[in-house]
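Observations on chain architecture
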Amino acid sequence: MAEAIKLDRVTKRFGEVAAVDDVTLSIAKGEFFSLLGPSGCGKTTTLRMIAGFEQPSEGHILLEGEPVEDVPPYERNVNTVFQSYALFEHLNVEDNVAFGLKRKKVPKPEIAQRVREALELVSLEQRADARAAELSGGQQQRVALARALVNRPAVLLLDEPLGALDLKLRRQMQGELKDIQREVGITFVYVTHDQEEALAMSDRIAVMHDGKVIQCAEPEEVYERPDEAFVAGFIGVSNLMEGVVEGEDKVKLASGQKVSAALPDGVGRGETVQLSIRPEKIALDEMQKGMVSIEGTVEQRVYQGVNTQVTVSLGDGARIVALEQNTYIVRSDDRWEPGTKVKVGWHADHCLVLR
Amino acid sequence: MAGGFWTRFLAAPGLWLLCLFALPLTLTLAMSFGYVDEFGRAAYDSPFAPGALDNYADAFDPIYLPSLVRSVTYALGTTALCLAIGYPIAYYIARFGGRRKYLLIGLLVLPFFVNYLVRTYAWVALLSDEGLVNNALIDLGVTSQGIQMINTPWAVIGGLTYGYLVFMILPVFAALERMDPAVIEAGKDLYGNKLQTFLHVTLPQTRQGILAGSVLVFLPSVGDFVSATLLGGPNTFMVGNLIQDQFFAANNWPFGAALTVIMMIFLTIWMIGYLRAAAREARPAL
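Owing to the predicted nature of the structure, the values given are computational and were not obtained by experimental measurement.

What about the overall build of chain B?
Secondary structure summary: chain B contains 13 helices and two strands in total. For chain B, the C-alpha atoms occupy an extent of roughly 75 × 75 × 35 Å along the three principal directions. The buried share among the 286 residues of chain B stands at 41%. Across chain B, the fraction of contacts at a sequence separation of at least 24, relative to all contacts at a separation of at least 6, is 67%. In the structure as shown, chain B presents an accessible area of about 16300 Å², 71% of it carried by carbon and sulfur atoms. The centroid of the 15 positive side-chain charges in chain B is displaced by 19 Å from the centroid of its 16 negative side-chain charges.

The structure is reproduced here in structure tokens:
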């Protein structure tokens, strides 16, 4: 597939601090690509370099194959949806959306036509004459989106665009954004710290930490097979248990239990590793054939509606958290009294060994 | 009791306003209807006395018109100059001042702790025929006789501009500070180059500050007499000078008071115009 953006060993330093550290990425045309990470991980700085607001200290950025070091933001074929929306308060909705086309000297009838289409795309054609200050947060967000999309850029950059909205509206806008992206077919680069958002919307996710891209893969891959302990911990909830490699595919946990787990290449005997298992992959008491199984004591039980979170102590301070589904067959709120002994099990291929 | 507290709390400022604002204003108004008696003493009179409006009738004598036109012209020129000089300064400090922003603003305000009259005298020392600037120009051989700078309209407007510049810088700076920096980036992101972004984004978004600054510079400039007295000559006579003359030279207080009242009404009209413009701006369009 054709490449929309290429970051080639890009580093950005602010003084001594490297906000973005030797990042190489390739984003395909039409892709919904997310930069995910905690605040300060460098995701916004990466986005701002693609937009042209910051210049890389080292490395190159290519837009549609062309290097853009010397291209100012106003000549780049990319548009940004800002976190604060940054709407022009002195203009009404229509003029906000028309701003870019007017600067590009698009003929007037075409501007009118395209602005109307853009406002229809975000369902705001009724509010064309309104001022930005009169709109709700969700509507302002749509104006910001229409104002960027109307220019039909090669790449749309979105900087935590849903961050200021309440949860319900967020969920709704996630769906709409994804639909719009599919409809217009423009490459989206989406910055967020919300892992659920990234998992739900993206074609691919780059997980960033301390200025580096730690893992860049499809959502399922990032969730099911995290490369590093940081990714496992940041994406979803994960049980991270320390252990020492005992021998071929055997790890001894801090609590003394020995479990079998597939070791990655190059991990040898005596090495300290982290075992990562998703809480929903853990079985309590009802074991299946071939499961790794150890003993523990229920420490805490938290009823959460759809499921119940059970914390099991394995002894010596080691803990494991299991999520038990509340289904039409079994209830999960009246079992696993704290203090009772319980069997904890998982399939070996759901247990990742991380260094 | 809440009422008792507020009564006492507002007593001091209330008294202050009464003694230093309402009372002098009433006296000025009463004086404007008065007359000068045969001994040359000013006398108050009721607005309903015969001939009470004579002073006002006199004020509309066409011989005073040039002073008024000149005052408005100088004040408009001063406002334009203050905007031309003040906006870039405010812009530079607001956008590139960084941590030193408020220090720089403080330095700009600092000279204003010195009395306006004293600061204007300093300009006399600079601009007069034998002043520092002319001496320097002659020493450098730029000119042999010096340049006529003082006693010109330019010197008066220059003095006014220097005197009131900070009243333009502060509101414009405040307006620039209130702006979300992302809005400027949005302008650039949407294909506006530096000039276009400034004209179509920054400037309109700081209109309130420009309007406020213009009023703050224009109003005192129209009524000013210090700059014209010290830096101007007979050809730069402003309304402020006219009023001052009535009180201190012609000894015709009633006429001076009438001119003052007319001036105040005139400035109030400008002020109302500004307030309405500002309100229209602030009200969201329907």
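A word on the sheet that holds strand β4 (residues 58-63) of chain A
Sheets are built from strands paired through backbone hydrogen bonds, the pairs being either parallel or antiparallel. Residue and element names in this part refer to chain A. Reading across from one edge, β2-β1-β4-β5 is the order of the four strands in this open sheet, with antiparallel pairing throughout. Each edge of the sheet is formed by a strand with only one pairing partner; in this case those strands are β2 (17-28) and β5 (66-67). The sheet contact formed by strand β1 (residues 3-14) and β4 spans five bridges and is antiparallel. Across the sheet, residue Ile5 finds its bridge partner in β4, namely Leu63. Packed onto the sheet, helix α1 (residues 43-51) meets β1, β2 and β4 and runs at close to 120 degrees relative to β1.

Things to note about the pairing of strand β14 (residues 272-277) of chain A
Residue and element names in this part refer to chain A. In this sheet, β14 lies alongside strand β11 (residues 239-247) in antiparallel orientation, the contact comprising six bridges. Each bridged residue has a counterpart across the sheet, and for Asn239 the counterpart in β14 is Ile277. Strand direction decides the pairing type here: β14 and strand β20 (residues 352-354), joined by three bridges, are antiparallel. When the bridges of β20 are listed, Leu275 appears paired with Val353.

Considerations on the interface of chain A and chain B
Counting residues at the interface gives 25 residues for chain A and 22 residues for chain B. Both sides of the chain A and chain B interface together cover about 2100 Å² of buried area, and 58% of this is carbon and sulfur. Broken down residue by residue, the surface that chain A buries against chain B is led by Tyr74, His90 and Arg103 of chain A, which jointly contribute 30%. In this structure, the connection of chain A to chain B is made through one salt bridge. At the junction of chain A and chain B, the tally comes to nine residue pairs in polar contact (both at pLDDT 80 or more).

A look at the state of the cysteines
Across all of its chains, the model carries zero disulfides over all chains by this definition. The structure places no disulfide on Cys41 of chain A, whose sulfur is separated from the nearest cysteine sulfur, that of Cys216 of chain A, by 13 Å.

Regarding the sheet that holds strand β16 (residues 291-303) of chain A
Residue and element names in this part refer to chain A. Read across the open sheet, the five strands follow the order β15-β19-β16-β17-β18; overall the sheet is antiparallel. With one partner strand each, in any of the chains shown, β15 (283-284) and β18 (318-325) form the two edges of the open sheet. Relative to β18, strand β17 (residues 307-315) is paired through eight bridges, and the arrangement is antiparallel. Its bridge partner being in β18, Gln309 is matched across the sheet by Leu323.

Re the side chain of Ser67 of chain B
Residue and element names in this part refer to chain B. Its location among the elements puts Ser67 in helix α3 (residues 65-96). Note on Ser67: relative accessible area 6%, which makes it buried. If we skip the residues at most four places from it in the chain, Ser67 touches Phe237, Met238 and Val239.

Section: the packing of helix α4 (residues 137-149) of chain A against helix α5 (residues 167-184) of chain A
All names here are of chain A. Where α4 meets α5, the axes come as close as 12 Å, and the angle between the chain directions of the two elements is 15 degrees. Taken together, the axes of α4 and α5 are roughly parallel relative to one another. Pair α4 / α5 crosses with right-handed handedness. Two secondary-structure elements touch here, α4 through Gly138, Gln141, Arg142, Leu145 and Leu149 and α5 through Leu169, Gln172, Met173, Glu176, Leu177, Ile180 and Val184. Here the residues of the contact of α4 with α5 are counted per class, giving seven nonpolar, three polar and two charged.

A few points about the pattern of salt bridges
All names here are of chain A. All told, the structure shown has 24 salt bridges over all chains when counted by the stated rule. As a salt-bridge pair, Lys178 and Asp203 come within 3.6 Å of each other at their nearest N and O atoms. Pair noted here: Lys178 is in helix α5 and Asp203 is in the loop between α6 (195-201) and β9 (204-209), with a separation of 25 residues, a long-range link. The salt bridge partner of Glu221 is Arg225, with a shortest N-O separation of 3.2 Å.

Some thoughts on unusual backbone geometry
Residues and elements named next belong to chain A. For Glu64, which is not glycine, the phi dihedral falls at a positive 50 degrees. Here Glu64 lies in the loop between β4 and β5. The residue Ser123 is not glycine, and still its phi comes out positive at about 55 degrees. Positionally, Ser123 belongs in the loop between α3 (108-121) and α4. Accessibility expressed as a relative area gives 52% for Ser123, which makes it exposed.

As for helix α7 (residues 153-178) of chain B
Here α7 of chain B spans 37 Å end to end across 26 residues, near enough to the 38 Å set by a 1.5 Å rise per residue. The largest bend along α7 of chain B reaches roughly 50 degrees and is located at Tyr164 of chain B.

Here's the deal with the packing of aromatic side chains
Each aromatic ring pair is summarised here by two numbers: the centre-to-centre distance and the angle between the ring planes. Evaluated as defined, the whole model comprises 22 aromatic pairs over all chains. Note on Phe32 of chain A and Tyr190 of chain A: the rings are 5.5 Å apart at their centroids and 40 degrees apart in plane angle, and the pair reads as tilted. Pair noted here: Phe32 of chain A is in strand β3 (residues 32-36) and Tyr190 of chain A is in strand β8 (residues 187-192), with a separation of 158 residues, a long-range link. When the centroid spacing of 5.3 Å and the interplanar angle of 75 degrees are considered together, the rings of Phe5 of chain B and Trp6 of chain B count as edge-to-face. Since its relative accessible area comes to 45%, Phe5 of chain B is described here as partly exposed. Over the ring of Tyr223 of chain A we find Arg278 of chain A; its NZ or CZ atom is 3.9 Å from the centre of that ring. Taking the ring centre of Phe112 of chain B as reference, the NZ or CZ of Arg119 of chain B above it sits at 4.3 Å.

Structural notes on the domain arrangement of chain A
Residue and element names in this part refer to chain A. Assigned domains of chain A: these are domain 1 (3-230) and domain 2 (237-354). For domain 1 versus domain 2, the separation of C-alpha centres amounts to 39 Å. Opposite the eight residues of domain 1 that make contact, domain 2 presents six residues. Each partner contributes to the roughly 620 Å² buried at the junction of domain 1 and domain 2, and carbon and sulfur atoms together form 54% of this total. When the buried area of domain 1 at its contact with domain 2 is split by residue, Tyr223, Pro226 and Ala229 rank highest and sum to 70% of it. Remark: the boundary between domain 1 and domain 2 carries one salt bridge. Residues Glu224 and Lys281 are paired through a salt bridge, measuring 3.1 Å at the closest nitrogen-oxygen approach. Where domain 1 meets domain 2, there are three residue pairs in polar contact (both at pLDDT 80 or more). Among the elements that take part in the side of domain 1 that touches domain 2, helix α7 (residues 219-224) stands out by supplying three residues, more than any other. A breakdown of the residues in the side of domain 1 that touches domain 2 according to their chemical character gives four nonpolar, no polar and four charged.

Each value, and the rule that gives it
- Residues numbered from 1 in each chain as written.
- Chains lettered and ligands numbered in written order.
- Predicted model: local features only at pLDDT ≥ 70, side-chain atom pairs only at ≥ 80, totals over all residues.
- Heavy atoms only, no water.
- Helix = DSSP H or I, 4+ residues; strand = E, 2+ residues; numbered from the N terminus.
- Buried < 20%, exposed > 50% of the residue type's maximum accessible area, 1.4 Å probe, protein only.
- Contact = heavy atoms within 4.5 Å.
- Areas by Shrake-Rupley, 256 points an atom, 1.4 Å probe, with all protein chains shown as cover.
- Lys, Arg positive; Asp, Glu negative; His and termini not counted.
- Charge placed at Lys NZ, Arg CZ, Asp CG, Glu CD.
- Pairing = 2+ DSSP bridges.
- Axes fitted to C-alpha atoms, helices over the stretch in contact; angles between N-to-C directions.
- Buried area = accessible area lost by both parts, 1.4 Å probe.
- Salt bridge = Lys/Arg side-chain N within 4 Å of Asp/Glu carboxyl O.
- Polar contact = N/O pair within 3.5 Å; in protein donor to acceptor, adjacent residues only side chain to side chain.
- Disulfide = S-S within 2.5 Å.
- Parallel < 35°, antiparallel > 145°, perpendicular 65-115°, else oblique.
- Left-handed = near helix turned anticlockwise from the far one by under 90°.
- Nonpolar A, V, L, I, M, F, W, Y, C, P; charged D, E, K, R; others polar.
- Expected span 1.5 Å × (residues − 1).
- Bend = angle between axes of the 7 residues up to and from the residue.
- Phe/Tyr/Trp six-rings, centres within 6.5 Å; stacked < 30°, edge-to-face > 60°.
- Lys NZ or Arg CZ within 6 Å of the ring centre and 35° of its normal.
- Domains from an automatic or database assignment.

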